[in-house]
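Reading the structure
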Amino acid sequence: MRILHFNQRDDGGAGRAMLRLHQGLRADKIESSAFVQVKTSDDEFIFIPDGVLGKLSAKLKLSEHISHLPLRLYKQRTSGAFSPPFALQSFTDIVHKLNPDIVHLHWINHGFLDIKTLQAFRKPIVWTLHDMWPFTGGCHYSNTCDRYKHTCGACTVLGSTKEKDLSHYIWKRKNKRWKDLDLSIVAPSTWMANCARESSLFRNVPVQQISNGLDMNQYRPIDKQSARQLLNLPQNKYLLLFGAANIEDTRKGLHLLLPALQQLHESELNDKIELLVFGATSFQQMQEAEFPINSLGRFADNLSLSLVYSAADVFIAPSLEDNLPNTLVESLACGTPAVAFNIGGIPDIIDHQQNGYLATPFEPSSLAEGIKWILQSPDKQFLHEAARQKAEQSFSLTAQTKHYQRLYESILSNVAAQ
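Residues numbered from 1 in each chain as written. Predicted model: local features only at pLDDT ≥ 70, side-chain atom pairs only at ≥ 80, totals over all residues. Heavy atoms only, no water.

The name that an unreviewed UniProt entry assigns to the protein is Glycosyltransferase family 4 protein, with the source organism given as Xanthocytophaga flava.

By rolling a water-sized probe across the atoms, one finds the places where empty space is left. Taken as a whole and judged by the stated rule, the model has four cavities of 30 Å³ or more. For the largest cavity, the calculated volume is near 110 Å³. Cys139, Cys145, Arg147, Cys152 and Cys155 are the residues nearest the centre of the largest cavity, which is lined by 16 residues in total. Counted by class, the lining of the largest cavity contains eight nonpolar, seven polar and one charged residues. Computed from the structure, the second largest cavity encloses a volume of approximately 40 Å³. Lining the second largest cavity, in full, are Asp313, Pro337, Ile374, Leu375, Lys380, Leu383 and His384. Taken together, the elements giving at least two residues each to the lining of the second largest cavity come down to helix H12 (364-375) and helix H13 (380-394). (1 Å grid on protein atoms, 1.4 Å probe; cavity = no way out; pocket = protein on both sides within 12 Å on 5 of 7 lines; lining within 4 Å. Points joined across faces, edges and corners; volume = space filled by probe spheres on them. Nonpolar A, V, L, I, M, F, W, Y, C, P; charged D, E, K, R; others polar. Helix = DSSP H or I, 4+ residues; strand = E, 2+ residues; numbered from the N terminus.)

We now examine the packing of aromatic side chains. By the definition in use, this model includes 17 aromatic pairs. Note on Trp127 and Trp178: the rings are 5.3 Å apart at their centroids and 75° apart in plane angle, and the pair reads as edge-to-face. One end of the pair, Trp127, is in strand E5 (residues 125-128); the other, Trp178, is in helix H6 (residues 166-178), and 51 residues separate them in sequence. Each member of the pair, Trp127 together with Trp178, is buried. Plain terms: the ring middles of Tyr309 and Phe315 are 5.9 Å apart, the flat faces sit at 75° to each other, and that makes the pair edge-to-face. (Phe/Tyr/Trp six-rings, centres within 6.5 Å; stacked < 30°, edge-to-face > 60°. Buried < 20%, exposed > 50% of the residue type's maximum accessible area, 1.4 Å probe, protein only.)

Pairing between side chains of opposite charge can happen when the charged atoms of each approach one another. By the definition in use, this model includes 13 salt bridges. Residue Lys402 pairs with Asp28 through a salt bridge whose shortest N-O separation is 3.1 Å. Linking Lys402 in helix H14 (residues 397-417) with Asp28 in the loop between helix H1 (12-27) and strand E2 (31-35), this pair joins segments that are 374 residues apart in sequence. Looking at Asp28, the relative accessible area reads 30%, which means it is partly exposed. The closest approach of N and O atoms between Arg388 and Glu392, which form a salt bridge, is 3.0 Å. (Salt bridge = Lys/Arg side-chain N within 4 Å of Asp/Glu carboxyl O.)

The next subject is the sheet that holds strand E4 (residues 102-105). Paired through their backbone hydrogen bonds, the strands of a sheet run either parallel or antiparallel. In space, the seven strands of this open sheet follow the order E3-E2-E1-E4-E5-E6-E7, with parallel pairing throughout. Here the strands that pair on one side only, and so sit at the sheet edges, are strand E3 (46-47) and strand E7 (207-209). Two elements, strand E1 (residues 2-6) and E2, share five bridges in a ladder whose sense is parallel. Following the sheet pairing, Phe6 is matched in E2 by Phe35. (Pairing = 2+ DSSP bridges.)

This next bit is on the sheet that holds strand E11 (residues 314-317). Sheet architecture is open: six strands sit in the order E10-E9-E8-E11-E12-E13, paired in parallel fashion. If you trace the sheet from one side to the other, it starts and ends with strand E10 (293-297) and strand E13 (356-359), each paired once. Looking at each pair of strands side by side, their axes are set apart by 20° on average, direction ignored. Strand direction decides the pairing type here: strand E9 (residues 273-278) and E10, joined by four bridges, are parallel. (Axes fitted to C-alpha atoms, helices over the stretch in contact; angles between N-to-C directions.)

Structure below.
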């Protein structure tokens, strides 16, 4: 069985999820390979397009810039992510040359893959939903808008009031392209699966849920004292961990975390807390927290990330919308309980007051209460063990790989029967 993945890059949330699945499949003797626009791993089966165009797109973000040109027409658009489905490159020749049994799509934006090429692949397609984009008129997350259930238009992300705006045009283009595809949809979370089933573009497409997985041997609890010693962190403080690829992305909820931290600063825990921040490029806003900040930067390897999670007393994910965040699953796998708002796919990960705390959306006071509840828990060992147990039971890479293999086999069996 030959599986060919497409994802815009092999790092970031979707990229890491794709890379883990790809490596899990290869470990099970499945011929898995992938094409990306930006490669950061040393995996020999991850490729970037050859030729001048492919190299320019990767180095200068040429395709990304060109694909986003239509957005300049919308001067009132918000900071929410929105991607037109246009790209300069066609992977049709590559697909025909490699002749995979199944093409597996992941996150294909930033001018990586034009949707008009999908029909030309002439292959069964599995599409894992890392956000809502495949069934919307261009937004990655719809916030409170439900127009993806209809035909989009008057897009709040674009700041548009016109029914026939860019989002409606993109919806029509997708509606045309999706109709003739042999398409199977996979959602990592219950919430995303329900959104896809309710959407106008995927309501007649089979949608199933398969959670993203982790190698539980790589992400595992490490003795807290040893982890802190290796990272040069204090042993006598409560360490609160927060991390995101871009903490200034409004969807990540920093503006709600800061008032929650202010409440903790005014509590009896004030002089007992320090912050750990990783993955971000700017910490200017974090200065408002008034707690000592340990800036850890970015980590590319699993061992370093396991050390960071293990060193923390609690991981905080104040996202306003999210699918199945890798960071939350990673934290639990390392035995560190987490606090997050009760939204999106978060309840698939956190069992309230069992392995973490589900705060009331979008109340900073509830977030602060959840952090205090974990820090002051009389049985922290139970929380740590429950976190690890949840990760092992629900998010193992082995289980994820087996689920996808069964899906692939079912698809190919149907193709053979036709």
